[in-house]
Each structure stands twice: as C-alpha cells, then as structure tokens.
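If you want the building blocks of each chain, they are given just below.
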Amino acid sequence: MKSVLITGANRGLGLELTRQYLERGDHVFAATRQPEGATDLQILAQQRGGQLVVLPLDVTSAASLAAAYEQVAAATDHLDILINNAGILPGHPGSGIDDNQESQKLGQLRYEDAMQVIGTNAVGPLLVTQQFLPLLKAGHKSRVVSLSSGLGSLELKASGSHYHYSASKAAMNMYMRTLAAEAGHHGIISIMVDPGWIRTDMGGTGAALPAADSARGIIRLTDQLHAEENGSFVTWQGKPVAW
Ligand SMILES: NC(=O)c1ccc[n+]([C@@H]2O[C@H](COP(=O)([O-])OP(=O)(O)OC[C@H]3O[C@@H](n4cnc5c(N)ncnc54)[C@H](OP(=O)(O)O)[C@@H]3O)[C@@H](O)[C@H]2O)c1
C-alpha cells in the first residue's frame, strides 16, 4: 500500500487519480481548496473510511501549505507519491480569470493574470514539493509527478495563443527539472507529464481522451519509473515530449 498526495483532487484528472489509487488499495491524501464543497471526495471518504483523507490546500498560500503538511505528517511518516495536479487555464472554471481566453491574447495581456497563472501552475508545484520533501525523503524511491502540458513545450510552440498558460508550464518544467536534479540525490524520482487533451472542465467536452484513461496511464508509468528517468518530460503514455 502506497501513501499518495494529490493536489486539485476534487474534480477532473485529480479526482480520477484519487479514485484509481483508492481502487488499488492505496492510502490517498486528497488535497482541495474547498473540502466542504468537494462532494465527490466527501462521498468517497464516507465509502473508504480511513483510506482517504480529504484536506484543504491552496497551492498559492504558504499558510495553507504549512497547515496541510502538519495534517499529513500527523497521519503518515512518509509519502511514496506526490502528484502536482492542481492547475488553472484562464477563462475556465476555478482560474479566477473569467474572460473566455481574451486575457491570453496579445493586446489584452495583463501582469496580474500572468502572476496568477504562473503562481499557481509553476511556483505552486515547486513549493508544494519543497514543503513535503521531508515526507518524500522518508519514503522508498518516492515519486513526484507534475502535470505539465504540450503547450509548455518551446519546440512545439507555433501559435500566438495561451501566453500565460504555456509560459507557466514551461516554467514549471524548469523548476521541477531543477528540483529533480537535487532531490534525485535522495532517491526521489521526479517527472513532468503531459496528460493529453482530456475531457474535464479545463479540457472541455470536445476533448478526445477520458480523464480515466489518462489517469490509468499516469499511474502505470509512475509505478514503472526508474532512476534514469528522473527529470524527464513525457506523455501520459510514457513517450518523451520535446522541451
Ligand atoms: N484538461 C486537459 O486537456 C489538460 C491538458 C494538459 C494539461 N493539463 C493539466 O492537468 C492538470 C489537471 O487538469 P484538469 O483538466 O483536471 O483541470 P480542471 O478540471 O480545471 O481541475 C483543476 C484542479 O486544480 C485545482 N486548483 C486550481 N487552482 C488551485 C490552487 N491555487 N490550489 C489548489 N488547487 C487548485 C482546482 O480546484 P477548484 O475546484 O478549487 O478550482 C481543480 O481541482 C492541470 O495541471 C492542467 O494544467 C490538462
């Protein structure tokens, strides 16, 4: 049985990952900004008893991070897997930027929007991982999986769109690759994963891939990671993505 912490676990890919780790019998810490409004997680918690702990965590708040760490550390002496899943895309639910993508167009770009997206998508995963490092170090070959995107690839970038989101995922890749180099000395394997275009609030109804399929792939590749894959950027099926 593994101890798994997932951020943004109340909906979308994070909820699917939570469901599938629970089905395997793992111990899941499901972090969400608003546990009281996280109906699906609350139902799962009732069904699963102590196997699922639902806890508050806003990845942009230092106080929230410290409180979440205290709660998890009181319940377990180690973490095997951290999934940095929480993220925002302007114009989509939960982003705090409700303007149907206008904020990501040249002529409309604003400092505040950039900071919001980069703070959540890039700095957030870095500081969550920093906070939980003691518990990850206490695990055996612990894994850190950070949800990136093909839109964060410099090489693949060919359109004038998604300025802040693309930059945030490229920045996250660099933050987490830097962390991978350092945390790798403690046996921690850290990767960045493009989950594919998935049917969630963020991906929309036109997306081809069910979140359940992507989650299954991510869990499989996380199980099969080797030390030499530390710091790599791969798809949910394990194929390398161009930086
Ligand atoms: N969907 C796609 O096609 C796609 C493609 C490439 C990459 N990704 C990446 O995959 C990850 C999951 O995406 P998704 O499609 O499942 O997105 P989603 O349905 O929009 O869910 C995003 C989750 O992140 C949480 N979140 C946002 N800001 C947060 C914060 N400050 N602190 C804590 N939690 C926060 C949300 O919580 P609330 O409910 O409180 O808002 C929600 O649980 C993201 O990192 C995304 O960028 C998705």
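One structure accompanies this document, and this report is about it. (Residues numbered from 1 in each chain as written. Predicted model: local features only at pLDDT ≥ 70, side-chain atom pairs only at ≥ 80, totals over all residues.)

1. As for the overall build of the protein
- Within the protein, the secondary structure is distributed over six helices and nine strands.
- For 243 residues, the compact-globule estimate of 2.2 N^0.38 gives 18 Å, and the protein sits close to it at 17 Å.
- If one aligns the C-alpha atoms of the protein with their principal axes, the spans along those axes are about 50 × 40 × 35 Å.
- Taken across its 243 residues, the protein has 45% of its residues classed as buried.
- Considering only contacts in the protein between residues 6 or more positions apart, those separated by 24 or more positions represent 66%. (Helix = DSSP H or I, 4+ residues; strand = E, 2+ residues; numbered from the N terminus. Rg over C-alpha atoms; globule rule 2.2 N^0.38 Å. Buried ≥ 20, exposed ≤ 12 C-beta atoms within 10 Å, placed from the backbone. Contact = placed C-beta atoms within 7 Å.)

2. Some details on the nonpolar core
- Counting residues in hydrophobic clusters, the biggest one holds 56 residues, and the most contacted among them are Leu-5, Ile-6, Phe-29 and Ala-31.
- If we skip the residues at most four places from it in the chain, Leu-5 touches Phe-29, Ala-31, Val-72, Leu-79, Leu-82 and Phe-132.
- By size, the runner-up hydrophobic cluster in this structure holds five residues, among which are Leu-89, Val-117, Tyr-165 and Met-202. (Core = buried A, V, L, I, M, F, W, Y, C linked by C-beta atoms within 7 Å.)

3. Some remarks on helix 3 (residues 62-75)
- Over its 14 residues, helix 3 runs 20 Å from end to end, which matches the ideal 20 Å to within 8%, given 1.5 Å per residue.
- Every buried residue belonging to helix 3 is among Leu-65, Ala-68 and Val-72, and all of these are buried. The buried side chains of helix 3 occupy one side of the element, clustering within an arc of 65° when seen end-on. In helix 3, the exposed positions that point more than 90 degrees away from the buried face belong to Ala-62, Ala-63, Ala-66, Glu-70 and Ala-74. (Expected span 1.5 Å × (residues − 1). Arc of directions from axis to C-beta.)

4. A closer look at unusual backbone geometry
- For Lys-141, which is not glycine, the phi dihedral falls at a positive 45°.
- Within the secondary structure, Lys-141 is located in the loop between helix 4 (111-137) and strand 5 (143-147).
- With a phi close to 50°, His-162 is a non-glycine residue in the positive phi region.
- Looking at where His-162 falls in the secondary structure, it is placed in the loop between strand 5 and helix 5 (163-183).
- The exposure class of His-162 is buried, given the 20 C-beta atoms found within 10 Å.

5. Considering the packing of helix 3 against helix 4
- Two numbers describe how helix 3 lies on helix 4: the axes approach to 10 Å, and their chain directions differ by 25°. Between helix 3 and helix 4, the angle is such that the two are roughly parallel. As for the relative orientation of helix 3 and helix 4, their crossing is right-handed in sense. Residues Leu-65, Tyr-69, Val-72 and Ala-73 of helix 3 lie in contact with helix 4, whose contacting residues are Leu-127, Val-128, Gln-131, Phe-132 and Leu-135.
- Looking at the contact of helix 3 with helix 4, its residues break down into eight nonpolar, one polar and no charged. (Axes fitted to C-alpha atoms, helices over the stretch in contact; angles between N-to-C directions. Parallel < 35°, antiparallel > 145°, perpendicular 65-115°, else oblique. Left-handed = near helix turned anticlockwise from the far one by under 90°. Nonpolar A, V, L, I, M, F, W, Y, C, P; charged D, E, K, R; others polar.)

6. Here's the deal with the sheet that holds strand 3 (residues 52-56)
- Taking strand neighbours across the sheet as the criterion, the seven strands line up as 3-2-1-4-5-6-9 in an open arrangement whose pairing is parallel. Of all the strands in the sheet, the pair left with one neighbour each is strand 3 and strand 9 (233-235). Across the sheet, the axes of successive neighbouring strands diverge by a mean angle of 20°, strand direction being ignored.
- In the sheet, strand 4 (residues 81-84) pairs with strand 5 via four bridges, with the strands oriented parallel. Within strand 5, the position partnered with Ile-83 by the bridge is Val-145.
- Of the strands in this sheet, strand 4, strand 5, strand 6 (189-194) and strand 9 touch helix 6 (residues 211-223), which is tilted by about 150° from strand 5. (Pairing = 2+ DSSP bridges.)

7. Remarks on the environment of Tyr-165
- Inspection of the secondary structure assignment puts Tyr-165 in helix 5.
- In contact with Tyr-165, not counting residues within four places along its chain, are Leu-89, Pro-90, Gln-104, Val-117 and Leu-151.

8. A short note on the site of the ligand
- The ligand sits among 30 residues. The nearest are Gly-8, Gly-12, Gly-87, Gly-94 and Gly-203.
- Looking at the shell around the ligand, the element that brings in the most residues is helix 1 (residues 12-24), giving three residues. (Near = placed C-beta within 6 Å.)

9. Observations regarding the environment of Ala-207
- Within the secondary structure layout, Ala-207 lies in the loop between strand 7 (198-199) and strand 8 (209-210).
- Judged by the 15 C-beta atoms lying within 10 Å of it, Ala-207 is partly exposed.
- Residues Ala-207 and His-92, 115 residues apart in the sequence, show an inter-C-alpha distance of 14 Å.
- Look past the residues within four positions of Ala-207 in its chain and what remains in contact with it is Trp-197, Ile-198 and Arg-199.

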